[in-house]
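Here is what each chain is made of, one letter per residue.
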Amino acid sequence: MNHLLLRLRPGVLLAGSMLAFLWPVRAQETDLTQTPNPARAGIAKSFAEQIGPGQGDAFTPGSSLFLIQRDPFRSIARGRQLFQRKFTLAQGLGPRTLDGVGSIANDASIGAGLADSCASCHGRPRGAAGFGGDVFTRPDSRDAPHLFGLGLVEMLADEITQDLRAIRTAAVNLARAQNKRLSLPLRSKGIEYGWISAGPDGSVDTSRVEGVDADLRVRPFFAQGGTISIREFLVGALNAEMGLEAVDPLLLAASRGADVVTPSGMRLTGSQDRIEAPVAHGETDDPDRDGVVNEYPASVVDHMEFYLLNYFKPGTYRQGWVENLGRQAMERMGCTKCHVPDLVIERDRRVADVETRHDPQQQGINGLFATATPLFVEVPDGSGYAPRKVPAGGRFVVRNVFADFKRHDLGPAFHERNFDGTVQREFMTEPLWGVGSTAPYGHDGRSINLREVILRHGGEAERSRRIFERSSAFEQEAVLAFLNSLVIFGPPDTASNLDPAVPSTPGFPLFGHGSIKLSVLFNVPGDPE
């Protein structure tokens, strides 16, 4: 394990381990300033301490930008605690949108309910940013998906968007140069998105674009493909599901047409894209009239975005010859035409990766082992503070994602009613990683197991479903076995190259010995997260 000497402020050196959590991971937590207890179970810092001195900059100790740039694993740890935090009315929790009364056809968030923690809807398995919630934002409900690999999904979608838009620009320039109308194929990362046509006058025809909006922006979040970025998703969910009104000048500027870059490196191109504005436009705004202002400041939005950018990707459970046969069968059946197994990110914005696989030698719970790898470089700046830890920005192969980042019509069994009487017919291809752990299935949770959700496929996937139905019982079971090997997991109970997570360890699992560690381990008495 690499040990670092980190200078956090002039004259103070702290020793730590490069990728380690000091603090145990749980599903939902209160903080010790609100709920003191002999076991000292809970978040050590108050919400005010987590907010710190605000966004600040790289020279403002304790600010969100300082931590993200110089102490990124502490920022991740803080984001995790914010994700688990149970908020109170005094902190701005609630009310529901319009207190749950009004035209739900105009604003579906009226049916979202009221949770006091992000982990209320995304809390399974234990200690994970997983799945488990269900909301009445559609007449037939919507299930809350797991959030594993969220940063990789955001990066893939954004790179695909950049590729498609570059092809559009090339088509326009070529049509002008050749003084004739022409068409170019829209292709990114081996995925086909139809054709784009351009005329010598600069006009563009998008009628043959497939699986993505005419603006060529891939929107990977929500089943119908509605949101561009983690930051939008986060700020919107805080308001709709928790009644917490985030103050975010970056999102506000982007919603008004500006191009901005978030502290996590996501480019929000407000000049080209529709960006959802936060409901609170400033620190003194109180749109829900609960008497609490600045309920969720920009600094904690920064930590949460950075946490979710760097969150674990799903793992793989036991994979033997039967599972390998199942994967091959999926290719033969045509499943992998839409559920593309592996995709490449050209510029990875994360600071670490965790690869989690089944290891028969492990004594810990679930037999999984995680290998953490740093993905940053240190850049000293002579400030007297810790060197900046900058994402290395290399290529990264995203394995087992099984998605094509396109919308498809899977037939009437997947069609969804909206409150305004319309019907949603197309949905984003659901990434299959983690599918072995996340029953029930479908955006609405109506399919009780993997076999049933496969048999539910129609429309563009009908041919593949029929091949599955006509395959031998053994081959069908092999496909199901492979899908069941794609899992998510509870970080507290997963062994890693940073922690053995052996159940025989004294205190396991009461004191979090199983935590996958992803934060700088600081030996600072009284200063845990």
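These numbers come from a predicted model, not from an experiment.

K.L.:
Give a detailed account of the side chain of Glu 416, specifying residues and quantitative values.
P.N.:
Topologically, Glu 416 is positioned in strand S20 (residues 416-417). Dropping the residues within four chain positions of it, Glu 416 is found in contact with Arg 138, Ser 141, Arg 142, Thr 422, Val 423, Gln 424, Phe 427 and His 443.

K.L.:
Can you tell me about the packing of aromatic side chains, naming the residues and giving the values?
P.N.:
The tally for this structure, following the rule as stated, stands at 16 aromatic pairs. With centroids separated by 5.1 Å and ring planes inclined at 85°, the aromatic side chains of Phe 47 and Phe 87 adopt a geometry described as edge-to-face. With Phe 47 in helix H1 (residues 47-51) and Phe 87 in the loop between helix H3 (72-84) and strand S3 (122-124), this pair connects stretches of sequence that are 40 residues apart. Phe 87 matches Phe 47 in its accessibility class, with the two residues each being buried. Grouped by ring-pair contacts, the aromatic residues Phe 83, Phe 148, Tyr 307, Tyr 311, Phe 312 and Phe 489 constitute a single cluster. The ring of Phe 396 has Arg 350 lying over it, and the distance from NZ or CZ to the ring centre is 4.5 Å.

K.L.:
Quick one: what's the story with the environment of Ala 254, residue by residue and with numbers?
P.N.:
Along the chain, Ala 254 turns up in helix H6 (residues 249-255). Those residues in contact with Ala 254 that sit more than four places away from it in its chain are Val 260, Leu 268, Gly 270 and Ile 275.

K.L.:
An account of the packing of helix H8 (residues 321-333) against helix H11 (residues 473-484) is requested, with residue identities and associated values reported.
P.N.:
Taken N-terminus to C-terminus, the directions of H8 and H11 make an angle of 105°; their axes are 7 Å apart at the nearest point. For the element pair H8 / H11, the angle class is roughly perpendicular. Along the contact surface, H8 presents Trp 321, Val 322, Glu 323, Leu 325, Gly 326, Arg 327, Ala 329, Met 330, Arg 332 and Met 333, while H11 presents Phe 474, Glu 475, Ala 478, Val 479, Ala 481, Phe 482 and Leu 483. Considered class by class, the residues forming the contact of H8 with H11 number 12 nonpolar, one polar and four charged.

K.L.:
Run through the sheet that holds strand S8 (residues 191-198), naming residues and quoting values.
P.N.:
As summarised here, the arrangement of the three strands in space is S7-S8-S9, forming an open sheet in which the pairing is antiparallel. Here the strands that pair on one side only, and so sit at the sheet edges, are strand S7 (182-188) and strand S9 (204-205). Bridge analysis of S7 against S8 gives six bridges, and the strand direction is antiparallel. Paired with Ser 188 across the strands is Ile 191, a residue of S8. The strands that helix H4 (residues 150-178) touches are S7, S8 and S9; relative to S7, the one it contacts most, it runs at about 165°.

K.L.:
Hey, could you go over H11 for me, with residue numbers and the actual values?
P.N.:
Its 12 residues place the ends of H11 16 Å apart at the C-alpha level, agreeing with the 16 Å of an ideal helix rising 1.5 Å per residue. Buried residues of H11: Glu 475, Gln 476, Ala 478, Val 479, Leu 480, Phe 482 and Leu 483, and no others. The inward-facing, buried residues of H11 abut H8, helix H9 (450-455), helix H10 (462-470) and strand S23 (486-487).

K.L.:
Describe unusual backbone geometry, with residues and values.
P.N.:
A cis amide bond links Gly 94 with the next residue in sequence, Pro 95, at an omega value of -5°. Mapped onto the elements, Pro 95 comes out in the loop between H3 and S3. In this chain, Ala 439 is followed by Pro 440 through a cis amide linkage whose omega measures -5°. As for its placement among the helices and strands, Pro 440 is situated in the loop between strand S22 (426-428) and H9. For Leu 216, which is not glycine, the phi torsion reads 65° and is therefore positive. With respect to the element layout, Leu 216 can be found in the loop between S9 and helix H5 (230-242). The buried category is assigned to Leu 216, whose relative accessible area is 0%. One non-glycine residue, Arg 289, lies in the positive phi region at around 55°. Along the polypeptide, Arg 289 turns up in the loop between strand S11 (267-269) and helix H7 (298-309). For Arg 289, a relative accessible area of 76% corresponds to the exposed category.

K.L.:
Report on the confidence of the model for the protein chain, specifying residues and quantitative values.
P.N.:
Caution is warranted with low-pLDDT regions, since their predicted coordinates should not be read in detail. Per-residue pLDDT for the protein chain has a mean of 89; in total, 89% of the residues score no lower than 70. Per-residue pLDDT stays below 50 along residues 1-25; that stretch engages in 91 contacts with residues further than four places along the chain or on separate chains.

Thresholds, definitions, all that
- Residues numbered from 1 in each chain as written.
- Predicted model: local features only at pLDDT ≥ 70, side-chain atom pairs only at ≥ 80, totals over all residues.
- Heavy atoms only, no water.
- Helix = DSSP H or I, 4+ residues; strand = E, 2+ residues; numbered from the N terminus.
- Contact = heavy atoms within 4.5 Å.
- Phe/Tyr/Trp six-rings, centres within 6.5 Å; stacked < 30°, edge-to-face > 60°.
- Buried < 20%, exposed > 50% of the residue type's maximum accessible area, 1.4 Å probe, protein only.
- Lys NZ or Arg CZ within 6 Å of the ring centre and 35° of its normal.
- Axes fitted to C-alpha atoms, helices over the stretch in contact; angles between N-to-C directions.
- Parallel < 35°, antiparallel > 145°, perpendicular 65-115°, else oblique.
- Nonpolar A, V, L, I, M, F, W, Y, C, P; charged D, E, K, R; others polar.
- Pairing = 2+ DSSP bridges.
- Expected span 1.5 Å × (residues − 1).
- pLDDT = per-residue confidence, 0-100.

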